[in-house]
Amino acid sequence: MRKWKMPGTDWWISGIVMGTGNFCQHTEAEALRLMDHFAEHDGNLLDTANSYCKQRPGDQNIAEQIVGRWLRESAAAKDMLVSTKGGHTLSADFAPAHMDRNEIEAELDLSLSTLGRETIDLYYLHRDDPSQPVEALLEILRDFRRQGKIRYFGLSNWSTDRIHEAINLEKQASDRGLVAVQNRWSLVRYNDQAANDPHLVAMDWQSWDLFRQEQLTVMPYSSLGKGYFSKYLQNTCEMTEKLRRYYENDLNKKRAEALRQIHKETGYSISQLVLAWLMHQPLPVYPVAAFRRSDQLHDAVGAAAINLSYEMMERLGAGEPW
Ligand SMILES: NC(=O)c1ccc[n+]([C@@H]2O[C@H](COP(=O)([O-])OP(=O)(O)OC[C@H]3O[C@@H](n4cnc5c(N)ncnc54)[C@H](OP(=O)(O)O)[C@@H]3O)[C@@H](O)[C@H]2O)c1
């Protein structure tokens, strides 16, 4: 898979970042095999989190444990970068995050020992805590950097205004640590009103314009829209009521029609086109995608080799560039 230089770092990152949030839906052997396949395709960034695969508040960091096992046992692990996240306490009523420095540091320490690494390559605050000043939260992350526990940091599910403030504060810092944002974004436009959790933040025009101007890297999650367009266009029985609630809207109907035509003209798969549209945005974008089966992974990595024309990008966007 082709790699691109990531701004603000000395890394060349593969076009697709592999998500591990669904690892509890696999057997461990399947999850380990998926990471093998990802590495065989030259994928070099795994995205995980302290909270992944926790179904109940008392559960352990199951996804990180599986990633940690792979990192310890695979010969390919030395070339694999890892992003993980802290600062997201699960709550049944989706209460706003309350970030506490000591709790985040305890989570980070657990991530380090579970993953078997001395430094986390990219560490995200998984949520925002708007009750605290941006500067106070950045200072926690900067301190982790000074201690050598993390290399760079990112912000996930932060609003445009708060990210803008973080960018401006970071510009004044002598050594910039903020290198990425992880919010929801896909060619498949999500119906915001369908969200259970009101603290998840999706790309919108305002944030797209900010990230474009700042050339801040975005590693969008749910970048395949959970495979919605493939299921919609192939009319498969995998199309569920939940997916319809999330993604059925007029813009997606237009985008699906453009996908159908461009798929016919080029032979690229629907998922490849969905991911390639993100990779062709006028800002650095590394989609974070998850896979249930190896054939899905083998298909998706092909997106990094596609050249989409401006005209195809326009048709796929169906009137909206983001
Ligand atoms: N920061 C955050 O708050 C946050 C939130 C959510 C996710 N994430 C990260 O983002 C990752 C991905 O997000 P996600 O799982 O929500 O969504 P996603 O990547 O959009 O969707 C994954 C699903 O897409 C389908 N798929 C994958 N490859 C395909 C292919 N080649 N052809 C057709 N369908 C394909 C599969 O669906 P089926 O299983 O139905 O086959 C797969 O389970 C997570 O693992 C996690 O690392 C972060």
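This text gives an overview of the structure that appears in the document. (Residues numbered from 1 in each chain as written. Predicted model: local features only at pLDDT ≥ 70, side-chain atom pairs only at ≥ 80, totals over all residues.)

**A short note on the site of the ligand**
Neighbouring residues of the ligand: 27 residues in total, closest G19, G21, Y221, G227 and Q296. With 3 residues, the top contributor of residues to the shell around the ligand is helix α11 (residues 294-300). Across the shell around the ligand, the residue classes tally to 7 nonpolar, 15 polar and 5 charged. (Near = placed C-beta within 6 Å. Helix = DSSP H or I, 4+ residues; strand = E, 2+ residues; numbered from the N terminus. Nonpolar A, V, L, I, M, F, W, Y, C, P; charged D, E, K, R; others polar.)

**Side note on unusual backbone geometry**
Most peptide bonds take the trans configuration, and most residues that are not glycine carry a negative phi. The phi angle at K226 is positive, at roughly 55°, despite the residue not being glycine. Looking at the element boundaries, K226 is found in the loop between β9 (217-218) and α7 (228-234). For A318, which is not glycine, the phi torsion reads 50° and is therefore positive. With respect to the helices, strands and loops of the structure, A318 is situated in the segment after α12 (310-317). For A318, a count of 18 C-beta atoms within 10 Å gives the class partly exposed. (Buried ≥ 20, exposed ≤ 12 C-beta atoms within 10 Å, placed from the backbone.)

**Some points on helix α2 (residues 62-73)**
Look at α2: 17 Å from first C-alpha to last across 12 residues, which is about the 16 Å you get at 1.5 Å a residue. What α2 keeps buried is the set A63, E64, I66, V67, G68, W70 and L71. (Expected span 1.5 Å × (residues − 1).)

**A short note on the pairing of strand β7 (residues 150-156)**
With 6 of 7 residues buried, β7 is to be regarded as a mostly interior element. Relative to β7, strand β6 (residues 120-125) is paired through 5 bridges, and the arrangement is parallel. Note that in β7 the partner of L122 across the bridge is Y152. Chirality of the crossover, the property in question, places the unit of β6, helix α4 (residues 134-146) and β7 among those that are right-handed. Pairing between β7 and strand β8 (residues 178-182): 4 bridges, direction parallel. From the neighbouring strand, F153 faces β8, where its bridge partner is L178. Regarding topology, helix α5 (residues 160-171) serves as the crossover connection from β7 to the parallel β8, and that connection is right-handed. (Pairing = 2+ DSSP bridges. Right-handed = clockwise from strand over helix to strand, strands pointing away.)

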